[in-house]
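# Descriptive structure summary
These are the residues of each chain, in order.
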Amino acid sequence: MLMKLLFSSNTILAMTSFQSQPLHLSVIDSHTAGEPTRVVLSAGLDLGNGDLASQLSIFRSKYDGLRAGIINEPRGSEVVVGALLCEPTDPASTAGVIFFNDVGYLGMCGHGTIGVVTTLAHLGRIAPGWHNIETSVGTVSTTLHPDGGVSVENVPSYRYKHQVVVDVPGHGSVTGDIAWGGNWFFLTSANGRSLALSNRAALLAYTIAIRSALVAANITGEHGALIDHIELFAAPSDPANSSRNFVLCPGASFDRSPCGTGTSAKMACEFAAGRLQPGQLWQQEGILGTVFTGSIAPLSGSRVLPTITGRAWITAESMLIFDPADPFREGIIF
């Protein structure tokens, strides 16, 4: 009954309806360690009855303008990550979710999952305890703690390639690892660059240049997958933490949080290098100085099962309005 109350909709929205009729969407905004998440409570979309990967494919092909309108200006910004709540396909799951941002779609999103669980708790839909959340790349297990913190047992993660060298125009050769943590990452040292907010413009330019160089050199994740996240590392500002990072997200925005999938990818690399043991805590410091606490459990081969713990805060409850006469109903695309 809970799922019916949470996900049922009186009307099914066709894309033609979105383009020709007024639309109102209820959303709840939050931030996880500084990184915003916008949860769309119900959009009335016909995404079929398949798994979340299938539903994402339909969302992409039929409703991409809605994705852009939810996230991009004037209703949002390039830093916001969207989370469309969907009815789960497994009765044992609490919810399904499709993650997206200003330029496309995300497989998993660690900070976003923490935001989704916190939002469901805010709505009174769930109580502290264990909750499965279905994503397009697999089901993740979460725990809502009594103090409001959330732990996410992520999808299996692994280092795909070690010490990959790419020539970056204007910067020379850059060496890093390619790893999967729910999204594809190229992880490399900051090489003396200051991972400070005051240096964000230079860090963005550098990481965008790395990503472009990877594409130009046809360096990919497994099965030719695009590497759309670049992660720089340096010593932490707080010696109690394990490292500090700067993460370029798909598009031209950087993660304000320590990045859940990026922390998972980093821990997979540290495990593969023999520097992180099962159960050992990894304190990942982000660009704002906020921290995710992580650990891993070994799986077969070099794969690990990462767990990330963080906290989200609700920032707004609102209604998005899409007027068919609005020239920017599908957002402003830069």
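Calculation notes
- Residues numbered from 1 in each chain as written.
- Predicted model: local features only at pLDDT ≥ 70, side-chain atom pairs only at ≥ 80, totals over all residues.
- Heavy atoms only, no water.
- Core = buried A, V, L, I, M, F, W, Y, C linked by side-chain atoms within 4.5 Å.
- Buried < 20%, exposed > 50% of the residue type's maximum accessible area, 1.4 Å probe, protein only.
- Contact = heavy atoms within 4.5 Å.
- Phe/Tyr/Trp six-rings, centres within 6.5 Å; stacked < 30°, edge-to-face > 60°.
- Helix = DSSP H or I, 4+ residues; strand = E, 2+ residues; numbered from the N terminus.
- Salt bridge = Lys/Arg side-chain N within 4 Å of Asp/Glu carboxyl O.
- pLDDT = per-residue confidence, 0-100.
- Pairing = 2+ DSSP bridges.

The next thing to look at is the nonpolar core. Counting residues in each nonpolar core, the largest one holds 61 residues, and the members touching the most others are F99, F186 and I210. Discounting residues that sit within four places of it in the chain, F99 has contacts with V81, G82, A83, Y105, L106, G107, M108, C109, G112, T113, V116 and T135. In this structure, C86, I98, F100 and Y105 belong to the second largest nonpolar core, which totals 23 residues.

Inspection of the entire model under this criterion finds eight aromatic pairs. A ring pair is formed by F59 and F100, whose centres lie 5.6 Å apart and whose planes are at 70°; its orientation type is edge-to-face. In this pair, F59 sits in helix α3 (residues 52–71) while F100 sits in strand β4 (residues 95–100), placing the two residues 41 residues apart along the sequence. You can call F59 buried: its relative accessible area is 1%. Measuring from ring centre to ring centre gives 5.9 Å for Y158 and W184, while their planes differ by 90°; the resulting arrangement is edge-to-face. With a gap of 26 residues between them, Y158 in strand β9 (residues 158–168) and W184 in strand β11 (residues 184–189) connect regions that are remote in the sequence. W184 carries the same exposure label as Y158, and that label is buried. Through a chain of ring-to-ring contacts, the aromatic side chains of F59, Y63, F100 and Y105 assemble into a single cluster.

It is worth spelling out the pattern of salt bridges at this point. Under the defined criterion, the tally for this structure stands at seven salt bridges. Note that R275 and E270 form a salt bridge whose closest N and O atoms lie 3.0 Å from each other. Judged by relative accessible area, which is 52%, R275 ranks as exposed. Relative accessible area serves as the criterion here: at 6%, E270 is assigned to the buried category. Each member of the salt-bridge network shares a partner with another, and the members are K266, E270 and R275.

Looking at the element boundaries, L288 is found in the loop between β14 (282–285) and β15 (291–298). For L288, a relative accessible area of 39% translates into the label partly exposed. Measuring from C-alpha to C-alpha, the distance between L288 and K62 comes to 37 Å, with 226 residues separating the pair along the chain.

Take the confidence of the model for the chain next. Averaged over the chain, the pLDDT score is 94; the fraction of residues at 70 or greater is 94%. Taken as a whole, residues 1–12 scores under 50 in pLDDT and shows 25 contacts with residues more than four places along the chain or in a different chain.

A word on the pairing of β4. β4 sits mainly inside the fold: six of its six residues count as buried. Side chains A95, V97 and F99 project from β4 onto one buried face, and the interleaved G96, I98 and F100 project onto a second face that is buried too. Taken together, the five bridges between strand β3 (residues 81–86) and β4 define a ladder with antiparallel strand orientation. By the bridge assignment, G82 is partnered in β4 with F100.

This brings us to the environment of P91. Inspection of the secondary structure puts P91 in the loop between β3 and β4. For the pair P91 and V168, spaced 77 residues apart in sequence, the C-alpha separation works out to 48 Å.

Here strand β16 (residues 304–310) shows a clear split, with V304, P306, I308 and G310 buried on one side and none of L305, T307 and T309 buried on the other. Relative to β16, strand β8 (residues 150–153) is paired through four bridges, and the arrangement is antiparallel. Opposite V150, over in β16, you have G310 as the bridge partner. Across six bridges, the pairing between β15 and β16 is antiparallel. Across the sheet, the residue bridging to S295 is T307, located in β16. Where β15 folds back on β16, the antiparallel hairpin that results is connected by five residues, among which G301 adopts a positive phi of roughly 60°.

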